[in-house]
Amino acid sequence: MAGPPPFRYILDTNQFSRQDLDFFLRQAEKLEEQRREDIFGMLEGKILASLFFESSTRTRLSFETAMLRLGGQVITTVGFQFSSISKGETLYDTMKMVEAYSDIAVIRHPVEGSSRIAAAAVSIPVINAGDGTGQHPTQALLDLYTIFRERGSPDGLRIAFIGDLKFGRTIHSLIHLLQHYNVEMIFISPLDLALPESYKKSLRKQNVSFEETEDMKEMWDCDVAYVTRIQEERFVDKNEFDRLKNSYSINRAFVQASRRNTLIMHPLPRVSELSTDVDDLPNAAYFRQAGYGVTVRMTLLLLCLGNFPEGQS
Ligand code: NCD
């Protein structure tokens, strides 16, 4: 059975309503409960085009794993240097080829808005796997699923966002989804990496309660802390990155001082902002979070291709 219209393509977190998110979380949870042999074959005969024109490990591998676990197949291109875009081909022309070769495409691209251009060129479903400093909707859905699996409904939670709030597309995308819940958001960052005004404006418009601070200790009173690295590749001025690169770092002792057993999330990759001595704490959720990526992306592939089995909704 096909999912509702918002799941025929995945381009932007703004396309989802609260009802869509509730539907999505239920589908993902049901899929996670199924035995591996029961899901294998659900996308038999389908081909995923995995188009990654910007660095990725988790997103690409989890999409490809998701397709393989469902019995589908994958064709892939990684980086501009190994695709005809380096010979001057437009994204439009590339997508026309992709449409002839595959049933669904996942695209990561350094230019904001490119997944929308890609989707407009073809009639197969297109999924945005991160476009520059723009959106990363599938990461936001997996982050939401992680909160749901580890702490239940986000309603009533106090959630800290820590780090590069200026350039971090995962934070920007997750904020959009959490606006549909009754959450308190605490934005913790150096002043120079604060959340852009446009996001704050949108939060005010939605009457979402939020605070901004430079004090990392505010994390101790939060149910969830979503930590991010400083996005080096987005800085125009390298000196500015060097000045900020060590401005925050969270270690085991700091996490253990939490008054709320704060769940530690991170989209990964991490650099120096989150110490490895946090990893074996039970509330360190980031590797489980990366694991949920496969379930979430299997759910999205099934919904986009209209292959969710009857009785699942
Ligand atoms: C993130 C991304 O690419 O935006 N990584 C990911 O998809 N898990 C976060 C990051 O690169 O810092």
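Sequence positions are assigned chain by chain, starting from 1 and proceeding in written order. Owing to the predicted nature of the model, reporting of local features is limited to residues with pLDDT of at least 70; listing and counting of side-chain atom pairs is limited to 80 or more, with chain, interface and lining totals taken over all residues. The side-chain figures draw on all heavy atoms in the structure; neither hydrogens nor water molecules are used.

Caption draft 1: Local environment of the sheet that holds strand β4 (residues 126-131). One bridge is not enough; two strands pair if DSSP finds at least two bridges between them. In this text, helices come from DSSP runs of H or I with a minimum length of four residues, and strands from runs of E with a minimum of two, each type numbered from the N-terminal end. Read from one edge of the open sheet, four strands run β2-β1-β3-β4, paired in parallel fashion. Of all strands in the sheet, those with a lone pairing partner are β2 (73-78) and β4, marking the two edges. Here the strands of the sheet are splayed against their neighbours by 10 degrees on average, with no regard to which way each runs. As defined by bridge partners, strand β1 (residues 47-52) adjoins β2 across six bridges and the pair is classed as parallel. Axis definition: a line fitted to C-alpha atoms, limited for helices to the stretch in contact. Angles are taken between N-to-C directions and run from 0 to 180 degrees.

Caption draft 2: Highlighting the site of the ligand. Nearness here has a simple test: a residue counts as near a molecule or strand if at least one of its heavy atoms is within 4 Å of that partner. The environment of the ligand is formed by Arg58, Thr59, Arg108, His136, Gln139, Arg169, Thr170, Arg229, Gln231, Pro267, Leu268 and Pro269. Any pair of N or O atoms that falls within 3.5 Å is considered a polar contact. Within protein, one atom must be able to donate a hydrogen and the other to accept it, and sequence-neighbouring residues count only if both atoms are side-chain atoms. In the environment of the ligand, an oxygen atom lies 3.0 Å from a nitrogen or oxygen atom belonging to the side chain of Thr59. Gln139 places a side-chain nitrogen or oxygen 3.2 Å from a nitrogen atom of the ligand. Considered on its own, the ligand offers 320 Å² of accessible surface; in the complex 93% of this is hidden by protein. Only protein atoms enter the 1 Å grid used here. Points where a 1.4 Å probe fits but cannot escape make up a cavity, open sets with protein on both sides within 12 Å along at least five of seven lines make up a pocket, and a residue lines them when an atom lies within 4 Å of a point. In this scheme, a molecule is assigned to a cavity or pocket if more than half of its atoms are within 2 Å of the grid points. Put simply, the ligand lies in the largest pocket. Contributions of two or more residues to the shell around the ligand are made by α3 (58-69) and α7 (169-178). Here the nonpolar group is Ala, Val, Leu, Ile, Met, Phe, Trp, Tyr, Cys and Pro; Asp, Glu, Lys and Arg are the charged ones; every other residue, Gly included, is treated as polar. Looking at the shell around the ligand residue by residue, the class counts come to three nonpolar, five polar and four charged. When residues of the shell around the ligand are sorted by domain, at least three fall in each of domain 1 (5-135 + 294-305) and domain 2 (137-290). The protein chains shown are the only cover counted for residues, whose accessible areas, like all others here, come from Shrake-Rupley with a 1.4 Å probe. Segment limits for the domains were obtained from an automatic or database-derived domain assignment.

Caption draft 3: Structural view of the side chain of Thr170. For Thr170, the position within the fold is in helix α7. Each residue touching Thr170, except ones within four places of it in the same chain, is listed here: His136, Gln139, Tyr226, Thr228 and Pro267. The contact criterion used throughout is that any non-hydrogen atoms of two residues lie within 4.5 Å.

Caption draft 4: How the structure looks around the packing of aromatic side chains. Two rings belonging to Phe, Tyr or Trp (six-membered ring only in the last case) form a pair when the distance between their centres is within 6.5 Å. Interplanar angles under 30 degrees mark stacking, angles over 60 mark edge-to-face geometry, and anything in between is tilted. The final tally for this structure, using the stated rule, is 12 aromatic pairs. Three or more aromatic residues link up through ring pairs in this structure, and these residues are Phe7, Phe16, Phe23 and Phe24.

Caption draft 5: Local environment of the domain arrangement of the chain. Assigned domains of the chain: these are domain 1 (5-135 + 294-305) and domain 2 (137-290). Each of domain 1 and domain 2 was reduced to a C-alpha centroid, and the two centroids are 25 Å apart. Between domain 1 and domain 2, the contact holds 32 residues from the first and 24 residues from the second. Both sides together, the interface formed by domain 1 and domain 2 hides about 2,500 Å², and carbon and sulfur atoms give 59% of it. Reported buried area values correspond to the accessible surface (1.4 Å probe) lost by two parts on association, with both partners' losses combined. Summed over the three residues of domain 1 that lose the most area to domain 2, namely Arg18, Leu25 and Arg58, the buried surface amounts to 25% of that side. The partner of Asp155 in a salt bridge is Arg18, with the nearest N and O atoms 3.1 Å apart. Linking domain 1 with domain 2 are 12 residue pairs in polar contact (both at pLDDT 80 or more), by the criterion used here. Breaking the side of domain 1 that touches domain 2 down by element, the ones donating at least two residues are α1 (18-33), α3, β4 and α11 (286-304). The leading source of residues in the side of domain 1 that touches domain 2 is α1, at eight residues. Any carboxyl oxygen of Asp or Glu that lies within 4 Å of a side-chain nitrogen of Lys or Arg is treated as forming a salt bridge with it.

Caption draft 6: Up close: the layout of surface pockets. Grid points are joined across faces, edges and corners, and a volume is the space filled by probe spheres set on the points. As a volume, the largest pocket reaches approximately 480 Å³. For the lining of the largest pocket, the secondary structure elements donating two or more residues are α3, α6 (137-151), α7 and α11. The element best represented in the lining of the largest pocket is α11, accounting for five residues. By residue class, the composition of the lining of the largest pocket is six nonpolar, 14 polar and eight charged. When we break the lining of the largest pocket down by domain, the ones giving at least three residues each are domain 1 (5-135 + 294-305) and domain 2 (137-290). Lining the second largest pocket are Ala49, Leu51, Ile75, Thr76, Thr77, Glu89, Thr94, Met97, Val98 and Tyr101.

Caption draft 7: Broad picture of the nonpolar core. Phe161, Leu178, Met185 and Leu301 are the most contacted members of the largest nonpolar core, which has 60 residues in total. Sorting elements by how many residues they give to this core places α11 first, with nine residues. If you count residues domain by domain, this core takes at least three from each of domain 1 (5-135 + 294-305) and domain 2 (137-290). Among buried residues, the Ala, Val, Leu, Ile, Met, Phe, Trp, Tyr and Cys ones that are joined through side-chain atoms within 4.5 Å form a nonpolar core. Accessibility here uses a 1.4 Å probe with only protein chains present; expressed as a share of the type maximum, an area under 20% marks a residue as buried, one over 50% as exposed, and anything in between as partly exposed. With 27 residues, the next largest nonpolar core counts Ile162, Tyr248, Leu268 and Tyr286 among its residues.

Caption draft 8: Layout of the sheet that holds strand β5 (residues 158-162). The strand order β7-β6-β5-β8-β9 describes an open sheet built from five strands, whose pairing is parallel. Either end of the sheet is taken by a strand with one partner, and the two such strands are β7 (209-213) and β9 (263-265). On average, each strand axis in the sheet is inclined to that of its neighbour by 20 degrees, with strand direction left out of account. The pairing of β5 with strand β6 (residues 184-188) spans five bridges and is classified as parallel. Bridge pairing in β6 links Phe161 to Phe187.

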